[in-house]
Amino acid sequence: METNPRPCIAVEGLTGCAGELLVILENLDKLLPFVRVASFPFAQSQNDDGPVDIAFVEGSVSQPHDLEKLKRIRAKARWLVAVGNCAVWGCVQGGACAKCKVTDMLEAVYGQHSEIQALESRPLDAYVNVDVKLSGCPIDKTQFLSVTASLLKDHLPYITHKPVCLECKLNENPCVLIEKNLPCLGPVTAAGCGALCPSLGAACYGCWGPSQAPQMDAMATILSEKGYEALEIMNRLKTFGAPEHLFERMNV
Ligand code: SF4
Ligand code: SF4
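Residues numbered from 1 in each chain as written. Chains lettered and ligands numbered in written order. Predicted model: local features only at pLDDT ≥ 70, side-chain atom pairs only at ≥ 80, totals over all residues. Heavy atoms only, no water.

Visitor: Any chance you could explain the site of ligand 2 here in plain terms?
Guide: Taken together, Thr189, Cys193, Cys197, Pro198, Cys204, Tyr205, Gly206, Cys207 and Trp208 are the residues near ligand 2. Of the residues assigned to the shell around ligand 2, the class counts are seven nonpolar, two polar and no charged. (Near = heavy atom within 4 Å. Nonpolar A, V, L, I, M, F, W, Y, C, P; charged D, E, K, R; others polar.)

Have a look at this one:
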């Protein structure tokens with residue numbers, strides 16, 4: 001028996017693509033000297049439901065059993081970390097629910113008499129208190145390990161919600177918006193990916209969700225001035241769950 005038991009973690013999935021679960025699984029060897037994995041149904045068959053120090057939850061709440069599971073996880077976890085864009089913003093399924101009713105979508109796909117139960121897809125903080133939001137599609141492994149290290153020392157981690165442009169500048173990238181006229185959404189997208197797409201010469205399409213206080217009106221004006229259908233391009237942000245109210249001041 002361990003004299004100083006290691007902190008316990010749980011890694012759980014709701015409605016998502018398992019991208020975060022894979023990132024965590026790939027990096028689990030770095031955590032195992034410091035934690036005990038109480039529950040990780042994606043990766044192990046023996047799981048327990050007891051209290052944990054940190055629960056990482058991927059996916060959005062899209063079905064009644066997601067909501068029940070999330071409440072159970074919240075009740076047993078000291079820190080609840082939303083991992084990935086689905087859990088933080090609702091991602092593609094949340095964006096789809098903002099455009100039309102979930103009952104209409106169910107009927108269109110499964111017919112009138114479907115017994116499938118679905119909720120309007122929402123991020124975790126629509127239902128429970130979330131201690132840390134770690135966005136990404138999927139999350140960045142370095143950011144995940146650094147957040148976990150902070151929580152294991154009982155510190156809430158600092159996560160920047162500055163725009164991707166900041167990381168572009170740090171990488172000394174040429175700006176693809178200015179130099180290649182590409183419709184880059186980096187100015188209004190949260191940093192964390194290391195400016196992955198612009199570093200490879202491509203435009204950012206907003207997969208990490210909105211940055212802090214994004215200037216959507218200025219972004220739309222720039223895209224229009226460059227000859228783009230600004231609304232169409234800005235809709236990419238909604239595809240990744242960016243809430244409607246952020247776009248209220250747009251005037252294009
Ligand atoms: S390439 Fe995109 S993310 Fe990079 S500085 Fe330009 S607008 Fe910002
Ligand atoms: S789309 Fe934007 S936020 Fe997503 S990986 Fe590319 S640069 Fe990063």
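Visitor: Looking at this model, I keep getting lost on the site of ligand 1. Mind explaining?
Guide: Every residue close to ligand 1 is listed here: Val164, Cys165, Cys168, Lys169, Cys175, Val176, Leu177, Cys184, Gly186, Pro187 and Pro198. Those elements that place two or more of their residues in the shell around ligand 1 are helix H8 (164-170) and helix H9 (176-179). A per-element tally of the shell around ligand 1 places H8 first, with four residues. Its residues assigned to classes, the shell around ligand 1 comprises nine nonpolar, one polar and one charged. (Helix = DSSP H or I, 4+ residues; strand = E, 2+ residues; numbered from the N terminus.)

Visitor: Could you clarify how one ought to interpret the pattern of salt bridges in this entry?
Guide: For side chains bearing opposite charge, pairing can occur when the charged atoms are close. Counted by the stated rule, this structure contains eight salt bridges. For lysine 30, the salt bridge goes to aspartate 29, with nearest N and O atoms at 3.9 Å. For lysine 30, a relative accessible area of 41% corresponds to the partly exposed category. By relative accessible area, which is 53% here, aspartate 29 ends up exposed. A salt bridge links aspartate 49 to lysine 76; its shortest N-O distance comes to 3.9 Å. Taken together, the residues aspartate 49 in the loop between strand E2 (36-39) and strand E3 (52-58) and lysine 76 in helix H3 (residues 64-76) connect sequence positions 27 residues apart. Judged by relative accessible area, lysine 76 falls into the buried class, the value being 12%. One salt-bridge network, in which partners are shared between bridges, spans Glu12, Asp49 and Lys76. (Salt bridge = Lys/Arg side-chain N within 4 Å of Asp/Glu carboxyl O. Buried < 20%, exposed > 50% of the residue type's maximum accessible area, 1.4 Å probe, protein only.)

Visitor: Which parts of the structure should I look at to understand the pairing of E3?
Guide: Along a regular strand, successive side chains alternate from one face of the sheet to the other. Of all the seven residues making up E3, six are buried; the element is thus mostly covered by neighbouring parts of the structure. Pairing between strand E1 (residues 8-13) and E3: five bridges, direction parallel. Of the residues in E3, the one forming a bridge with isoleucine 9 is isoleucine 54. Pairing of E3 with strand E4 (residues 77-83), which is carried by six bridges, proceeds in the parallel orientation. Bridging across to E4, phenylalanine 56 finds its partner in valine 81. Handedness of the crossover joining E3 and E4 through H3: right-handed. (Pairing = 2+ DSSP bridges. Right-handed = clockwise from strand over helix to strand, strands pointing away.)

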